[in-house]
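Chain by chain, the residues run as shown.
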Amino acid sequence: MSEVQVDVEGRTLTISNLDKVLYPRTGTTKGEVLNYYAQVSPVLLPHLRDRAVTRIRWPHGVEGSSFFEKNAPPGTPSWVRTVEVPTTGSRSGKGDGTIRFPICDDLATLTWLANLAALELHVHQWQVDPDGTPRHPDRLVIDLDPGEPAGLHECAQVALMVREALAERDLVCTPVTSGSKGLHLYAHLPATGRSSLDSDGTTALAREVAEGLQKGHPDRVTASMTKAKRPGKVFLDWSQNSGSKTTVSPYSLRGRERPTVATPLTWDEVEAGAEDELALEQLTLEQVLARVGELGDVFDA
């Protein structure tokens, strides 16, 4: 096993197998994955800051087996920030234990995770205080998941409906491609008012929006978890607001055949995608680096 030691912001890391191909279809190597995360870190890290990170790891590449990892693994460097979180969905502390999550606040931690072939980085809709105490959620998310033959085109059309429904509730949302099949819509919860909602409250609000759109557009939208009801429709997954659920972070890679990325979009792009079924696609790491170099982080634009 080839290894090299690198200095990352004052931390010494041992990086292994830089030439290992993690995406066989495109020949994308571990070294290229590490380079992507290093280059995109200025816009990625703000989306990870103060959030417990669940990782999906592909140690043998995306054509091999993968596994979810929540706890910080054995051998976690002492300088990696971690937080103990109760295992109950409500995080009330009445459950049967805790999970020791890493928090990725800096490039050294991000590099360490990428070296473990943690291609996907998933986070909750809540952050933690400096002492590790989980806060109330600071955002609401709705995952638009198309059932074949529906695709991104149909997701874009439904996203415009979701945007309007959220606006009626004084919430402004930002679109992000999932890097897989659909779109994610994030609505920031203001510092007053809805910031008092706990995860059960934001879940109920997202479900209200989803079921309202299902009622108004039953031929195009479903809020049902039943997969048999999804073909040709866009499933509005409201459940990712649960305190124990996570969503892939903006700018995270996905473990798909190609190295696609969860990519923030502008609403102009979504509107174009709603008009033209060829206007939107899931972007790869090379495309995202070029895009960020030109536009910066459009999530906050």
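Residues numbered from 1 in each chain as written. Predicted model: local features only at pLDDT ≥ 70, side-chain atom pairs only at ≥ 80, totals over all residues. Heavy atoms only, no water.

For the protein, the name recorded in an unreviewed UniProt entry is DNA ligase D polymerase domain-containing protein, with Nocardioides furvisabuli as its organism.

Trainee: Looking at this model, I keep getting lost on the environment of Ile99. Mind explaining?
Mentor: Tracing the backbone shows Ile99 in strand β8 (residues 98–102). Judged by relative accessible area, Ile99 falls into the buried class, the value being 17%. If sequence neighbours within four positions are ignored, Ile99 has contacts with Lys70, Asn71, Val83, Glu84, Val85 and Thr87. (Helix = DSSP H or I, 4+ residues; strand = E, 2+ residues; numbered from the N terminus. Buried < 20%, exposed > 50% of the residue type's maximum accessible area, 1.4 Å probe, protein only. Contact = heavy atoms within 4.5 Å.)

Trainee: So what exactly am I meant to see when it comes to the confidence of the model for the protein here?
Mentor: A low pLDDT score tells you not to read the predicted coordinates there in detail. Averaged over every residue, the pLDDT of the protein is 94; residues scoring 70 or more account for 95%. Contacts of residues 89–94 to residues separated by more than four positions or lying in other chains number twelve contacts, the stretch itself having pLDDT below 50. (pLDDT = per-residue confidence, 0-100.)

Trainee: Looking at this structure, how should I read the packing of helix α3 (residues 152–167) against helix α5 (residues 267–275)?
Mentor: Pairs of packed helices are described in terms of their axes, by the angle between the two and the distance that separates them. As a packed pair, α3 and α5 sit with axes 7 Å apart at the nearest point and diverge in direction by 125°. Viewed along their axes, α3 and α5 adopt a mutual orientation that is oblique. Both α3 and α5 take part in a crossing whose hand is left-handed. Of the residues in α5, those in contact with His153, Ala156, Gln157, Ala159, Leu160 and Arg163 of α3 are Trp267, Val270, Glu271, Gly273, Ala274 and Glu275. Across the contact of α3 with α5, the residue classes break down as six nonpolar, three polar and three charged. (Axes fitted to C-alpha atoms, helices over the stretch in contact; angles between N-to-C directions. Parallel < 35°, antiparallel > 145°, perpendicular 65-115°, else oblique. Left-handed = near helix turned anticlockwise from the far one by under 90°. Nonpolar A, V, L, I, M, F, W, Y, C, P; charged D, E, K, R; others polar.)

Trainee: What am I meant to see in the layout of surface pockets here?
Mentor: Gaps left between atoms are located by rolling a probe of water-molecule size over the structure's atoms. Computed from the structure, the largest pocket encloses a volume of approximately 520 Å³. Elements supplying a minimum of two residues to the lining of the largest pocket: β9 (118–123), β10 (139–146), β14 (234–237) and β15 (247–248). Among the elements that take part in the lining of the largest pocket, β10 stands out by supplying four residues, more than any other. In this structure, the second largest pocket is lined by 13 residues; those nearest its centre are His47, Arg139, His188, Phe299 and Asp300. Of all the secondary-structure elements, those providing two or more residues to the lining of the second largest pocket are α1 (30–48) and β12 (183–188). Per-element accounting of the lining of the second largest pocket gives the leading share, three residues, to β12. (1 Å grid on protein atoms, 1.4 Å probe; cavity = no way out; pocket = protein on both sides within 12 Å on 5 of 7 lines; lining within 4 Å. Points joined across faces, edges and corners; volume = space filled by probe spheres on them.)

Trainee: What is the right way to read the sheet that holds strand β6 (residues 67–69) from this model?
Mentor: In any sheet, the strands associate via hydrogen bonds between backbone groups, in a parallel or an antiparallel arrangement. As summarised here, the arrangement of the four strands in space is β6-β5-β9-β15, forming an open sheet in which the pairing is antiparallel. A strand with exactly one partner marks an edge of an open sheet, and here the two such strands are β6 and β15. Summarising the sheet, strand β5 (residues 53–57) and β6 pair through three bridges and their orientation is antiparallel. In the strand pairing of β6, Arg55 is matched with Glu69. (Pairing = 2+ DSSP bridges.)

Trainee: Sorry if this is basic, but what is going on with the nonpolar core here?
Mentor: In a soluble, globular protein the nonpolar side chains are often hidden away together inside. If you look at the biggest cluster of nonpolar residues, it comprises 37 residues, and the most contacted ones within it are Tyr36, Tyr37, Leu44, Leu110, Leu121, Tyr251 and Leu253. Looking at this core, the elements that each hand over two or more residues are β2 (11–16), β3 (21–23), α1, β5, α2 (107–115), β9 and α6 (285–295). A total of nine residues in this core trace back to one element, the largest contributor, which is α1. Look past the residues within four positions of Leu121 in its chain and what remains in contact with it is Tyr37, Leu44, Leu48, Val53, Thr54, Arg55, Leu110, Leu113, Thr247, Val248, Ser249 and Ser252. Counting residues in hydrophobic clusters, the runner-up holds 33 residues, among them Leu144, Cys155, Leu183 and Val234. (Core = buried A, V, L, I, M, F, W, Y, C linked by side-chain atoms within 4.5 Å.)

Trainee: Sorry if this is basic, but what is going on with the packing of α1 against α2 here?
Mentor: Running from amino to carboxyl end, α1 crosses α2 at an angle of 150°, the nearest separation of the two axes being 10 Å. Our pair here, α1 against α2, has a crossing hand that is right-handed. Contact residues: Lys30, Leu34, Tyr37, Ala38, Ser41, Leu44 and Leu45 in α1; Leu107, Leu110, Thr111, Ala114 and Asn115 in α2. Its residues assigned to classes, the contact of α1 with α2 comprises eight nonpolar, three polar and one charged.

Trainee: Can you walk me through unusual backbone geometry in this structure?
Mentor: Leaving glycine out, the prevailing phi sign among residues is negative, and the prevailing peptide bond configuration is trans. Following Glu148, the chain continues to Pro149 via a peptide bond in cis, the omega torsion being 10°. Here Pro149 lies in the loop between β10 and α3. In this structure, Tyr251 takes a positive phi of about 80° despite not being glycine. Topologically, Tyr251 is positioned in the loop between β15 and α5.

Trainee: What am I meant to see in the state of the cysteines here?
Mentor: Note: disulfide means a covalent bond formed between the sulfur atoms of two cysteine side chains. For the structure shown, the criterion picks out zero disulfides. Free cysteine: Cys155, not disulfide-bonded; nearest cysteine sulfur from Cys173 at 14 Å. (Disulfide = S-S within 2.5 Å.)

Trainee: Is there a simple way to explain the pairing of β14 in this structure?
Mentor: Each regular strand displays side chains that alternate between the two surfaces of the sheet. Covered by surrounding structure in β14 are Val234 and Leu236 together with Phe235 and Asp237, the residues of both alternating faces. Bridge analysis of strand β13 (residues 221–222) against β14 gives two bridges, and the strand direction is parallel. Pairing of Thr222 across the sheet is with Phe235, part of β14.

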